[in-house]
Amino acid sequence: MSEAHKSRALPAGFVLGSATASYQIEGAATEGGRGPSIWDTFSHTPGKTLGGDTGDVACNHYHRLEEDLDLMAELGLDAYRFSIAWPRIQPTGTGPANKNGLDFYDRLIDGLLERNISPVATLYHWDLPQTLEDAGGWPARSTAEAFGDYAEILGKHFGDRVDTWTSLNEPWCSAYLGYASGAHAPGRTEPAASLAAVHHLNLAHGLALQALRATSTGDPKYSITLNLHVFRGEGENSAEAVRKVDGVANRVFLQPLLDGSYPVDVIADTATLTDWSFVQPGDAEIIKQPLDVLGVNYYSTAKVAHWDGTTPRQMNDGHKDVGHSPWPGCHDVEFLPSEGPYTEMGWNIEPAGLTELLLRLHREYPDVPLMITENGAAFADEVVKDSETPTGYAVHDEKRIDYVNRHIRAALDARDQGADLRGYFVWSLMDNFEWGYGYSKRFGIIRVDYPTGTRIPKDSYHWYRELTHTRELG
Ligand code: PNW
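Because the structure is a prediction, the values reported are computed rather than measured.

Calculation notes
- Residues numbered from 1 in each chain as written.
- Predicted model: local features only at pLDDT ≥ 70, side-chain atom pairs only at ≥ 80, totals over all residues.
- Heavy atoms only, no water.
- Helix = DSSP H or I, 4+ residues; strand = E, 2+ residues; numbered from the N terminus.
- Buried < 20%, exposed > 50% of the residue type's maximum accessible area, 1.4 Å probe, protein only.
- Contact = heavy atoms within 4.5 Å.
- Areas by Shrake-Rupley, 256 points an atom, 1.4 Å probe, with all protein chains shown as cover.
- Lys, Arg positive; Asp, Glu negative; His and termini not counted.
- Charge placed at Lys NZ, Arg CZ, Asp CG, Glu CD.
- Expected span 1.5 Å × (residues − 1).
- Pairing = 2+ DSSP bridges.
- Axes fitted to C-alpha atoms, helices over the stretch in contact; angles between N-to-C directions.
- Salt bridge = Lys/Arg side-chain N within 4 Å of Asp/Glu carboxyl O.
- UniProt positions renumbered as here; feature names shortened; annotations may be inferred.
- Polar contact = N/O pair within 3.5 Å; in protein donor to acceptor, adjacent residues only side chain to side chain.
- Core = buried A, V, L, I, M, F, W, Y, C linked by side-chain atoms within 4.5 Å.
- Phe/Tyr/Trp six-rings, centres within 6.5 Å; stacked < 30°, edge-to-face > 60°.
- Lys NZ or Arg CZ within 6 Å of the ring centre and 35° of its normal.

Across its full length, the chain holds 15 helices and 17 strands. By its C-alpha atoms, the chain is 65 × 55 × 45 Å across when sized along the principal axes. Scored against the burial criterion, the 474 residues of the chain give a buried share of 61%. Within the chain, counting contacts between residues at least 6 apart in sequence, those at least 24 apart form 77% of the total. Element-wise, carbon and sulfur atoms account for 51% of the exposed surface of the chain, whose accessible area totals about 17,500 Å². Positive and negative charge centroids in the chain, built from 40 and 66 side chains respectively, lie 1 Å apart.

Quick look at helix H13 (residues 351–364) now. An ideal rise of 1.5 Å per residue puts 20 Å on 14 residues; H13 measures up with 21 Å between its terminal C-alpha atoms. Looking only at H13, the buried set comprises Pro351, Gly353, Leu354, Thr355, Leu357, Leu358, Leu359, Arg360 and Leu361. Those residues of H13 that are buried lie in contact with strand E7 (231–233), helix H10 (238–259), strand E8 (293–297), strand E11 (370–374), helix H14 (398–416) and strand E14 (421–427).

Right, let's get into the sheet that holds strand E10 (residues 333–336). The strands making up a sheet are joined through hydrogen bonds of the backbone, oriented either antiparallel or parallel. Pairing in this open sheet of three strands is mixed, and the strands run E7-E9-E10 from one edge to the other. A single partner strand is all that each edge strand has here, and the edge strands are E7 and E10. For this sheet, the mean angle separating the axes of adjacent strands, direction not counted, is 40 degrees. Note that strand E9 (residues 302–306) and E10 share four bridges and pair antiparallel. Bridge pairing links Lys303 to Leu336 in E10. Docked against the sheet, H10 engages E7, E9 and E10, running at close to 165 degrees with respect to E7.

Right, let's get into the pattern of salt bridges. In the structure shown here, the tally under the stated rule is 42 salt bridges. Taking the shortest distance from any N to any O, the salt bridge between Arg213 and Asp292 comes out at 3.9 Å. Separated by 79 residues along the polypeptide, Arg213 in helix H9 (residues 191–215) and Asp292 in the loop between helix H12 (283–287) and E8 bring together distant segments of the chain. With a relative accessible area of 32%, Asp292 lands in the partly exposed category. Where Glu364 meets Arg360, a salt bridge forms, and the shortest distance between an N and an O atom there is 3.2 Å. A residue pair is termed a helical-turn pair when its members lie 3 or 4 positions apart in one helix, as Glu364 and Arg360 do in helix H13 at four residues.

Looking now at the UniProt feature "binding site: substrate" (unreviewed entry) in the chain. Taking the UniProt record as the reference, the feature "binding site: substrate" (unreviewed entry) is found at Gln24, His125, Asn169, Tyr299, Trp427, Glu434 and Trp435. Residue classification places Asn169 among the buried residues on the basis of a relative accessible area of 1%. If sequence neighbours within four positions are ignored, Asn169 has contacts with Arg81, Thr122, Tyr124, His125, Trp126, Ser174, Thr225, Asn297 and Glu374. Here Arg81 takes part through its side chain, which lies 2.7 Å from a polar atom of the side chain of Asn169. Structurally, Trp435 is set in the loop between E14 and strand E15 (446–448). Those residues within four positions of Trp435 in sequence are excluded, and the remaining contacts are Tyr23, Gln24, Trp39, Thr49, His125, Trp126 and His184.

Further remarks concern the nonpolar core. With 147 residues, the main nonpolar core has Ile84, Trp138, Phe147, Trp165, Ile408 and Tyr464 as its most contacted residues. Considering each element in turn, this core owes the most residues, 12 residues, to H9.

Going through the model one piece at a time under the given rule, you end up with 29 aromatic pairs. Their ring planes at 35 degrees and their centres at 6.4 Å tell us that Tyr23 and Trp39 sit as a pair that is tilted. Linking Tyr23 in helix H1 (residues 22–25) with Trp39 in helix H2 (residues 38–43), this pair joins segments that are 16 residues apart in sequence. Accessibility classification places Tyr23 together with Trp39 in one group, the buried group. Joined through ring pairs, the aromatic side chains of Tyr23, Trp39, Phe42, Trp126, Phe433, Trp435, Tyr439 and Tyr450 make up one cluster. Over the ring of Phe104 we find Arg88, and its NZ or CZ is 6.0 Å from the ring centre. The ring centre of Trp307 lies 5.9 Å from the NZ or CZ of Arg313, which sits over that ring.

Next up on the list: the UniProt feature "active site" (unreviewed entry) in the chain. In the UniProt entry, the feature "active site" (unreviewed entry) is given for Glu170 and Glu374. A maximum C-alpha distance of 10.5 Å among these annotated residues, which run over 205 residues, shows that they cluster at one spot. Secondary-structure assignment places Glu170 in the loop between strand E5 (164–169) and helix H8 (171–179). A relative accessible area of 6% means that Glu170 is categorised as buried. Here Glu170 is in contact with Trp126, Thr225, Asn227, Asn297 and Glu374, once residues within four sequence places are set aside. Position of Glu374 relative to the elements: it lies in strand E11. A relative accessible area of 4% places Glu374 in the buried class. Setting aside residues up to four positions removed in sequence, Glu374 forms contacts with Ala19, Arg81, His125, Asn169, Glu170, Val296, Asn297, Tyr298, Tyr299, Phe425 and Trp427.

Structural data, given as structure tokens:
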């Protein structure tokens with residue numbers, strides 16, 4: 001029997017969850033007083049998403065809430081990670097709360113609590129109110145200030161029931177895919193502005209945690225989720241290449257959040273783009289808020305090398321190639337293809353990278369508890385007729401089961417070596433709108449049939465259910 005399939009018990013108290021995000025699943029884009037977000041504008045702009053797919057209907061979760069809650073209960077989740085759509089709460093990003101928006105998340109949170117599932121709420125998973133983008137978006141300081149006000153509304157209204165508050169999901173994506181490569185909304189290609197966005201996202205996190213702590217009457221935990229990158233250097237001068245990409249991908253978030261300063265090498269590497277004058281006195285103190293848990297999203301690794309300019313530069317960094325780099329200040333770094341196997345996203349599968357990442361965080365920030373807030377894989381599923389199931393179909397996704405199994409094991413390896421890892425959330429509860437890839441990539445452990453919205457639990461759902469019940473990896 002191979003290592004991957006030896007049975008292994010989960011530690012006591014280890015949280016098993018699943019994750020989604022508002023724009024990816026809710027649909028009902030113009031209902032309940034919701035204002036437009038940058039993802040509505042972007043997805044409705046021709047050429048921005050594959051096949052012109054939008055989140056207008058998505059999984060119709062907004063109207064299928066009860067059914068989805070029941071699927072979570074049946075799955076045996078300890079916790080559910082979702083995001084709140086800012087434009088449902090404040091349709092134009094400022095001003096009083098929209099009651100309809102609050103009502104929807106009341107029903108979600110109360111429905112979770114009734115089923116004994118801990119609500120893990122993210123304030124921002126990329127659906128910025130369009131009005132705020134029109135006023136400058138994340139490169140503008142006013143967006144961070146508006147985010148603090150939004151957090152105050154949420155703290156007052158939901159802070160008695162939420163288990164964990166997460167300020168931002170993957171500010172790396174918001175800043176660099178949104179403002180440098182343009183692969184994500186709002187689709188801007190301004191590397192200097194993307195660095196201002198980095199800072200204002202960090203600042204927004206700090207302002208939000210202050211506001212949430214001041215208003216939440218329960219005893220929630222406070223967190224942020226980062227998509228930290230694991231880089232492998234290849235060839236001569238690759239240490240320098242790794243230092244640079246690690247700076248703009250990882251340290252430009254970790255260091256201000258946890259140490260209260262920006263890395264001097266990143267400031268130097270990006271000096272031709274910006275003088276960083278958007279960082280004002282006092283900002284560092286606001287950004288460095290105590291964190292009860294650091295959320296880590298992990299999917300794959302990346303291989304980098306020094307690029308000397310003599311051959312065409314390779315950019316196999318797993319991003320949609322839109323001709324603009326999401327790596328400001330890294331023009332002499334190239335991204336080489338990693339060894340397979342790969343998922344349908346073209347991302348290489350390397351569970352050991354997760355062990356290394358968790359151990360690095362444990363080494364550098366030993367006092368910060370860790371949570372894997374996303375991990376999972378897009379694969380093409382095999383759908384077969386099966387008269388034994390309630391839906392009449394079964395979905396075979398052995399590769400996804402193997403991926404999740406191996407990554408939970410890799411995470412537990414890090415825990416065995418000292419990392420303070422508290423739990424694991426599989427991405428995603430259901431197939432959904434995969435951003436620029438539209439509905440073409442399926443990450444769910446529940447299949448969503450488009451456009452009917454019918455939910456079909458996949459084999460991976462049944463496997464995960466077995467895990468939540470036995471608490472033992474098979
Ligand atoms: C994360 N990249 O997104 C998000 O948090 C999810 O919303 C998303 O569905 C999931 O991972 C799968 O993609 C990412 O280009 C999107 O490096 C793009 C990248 C990374 C994460």
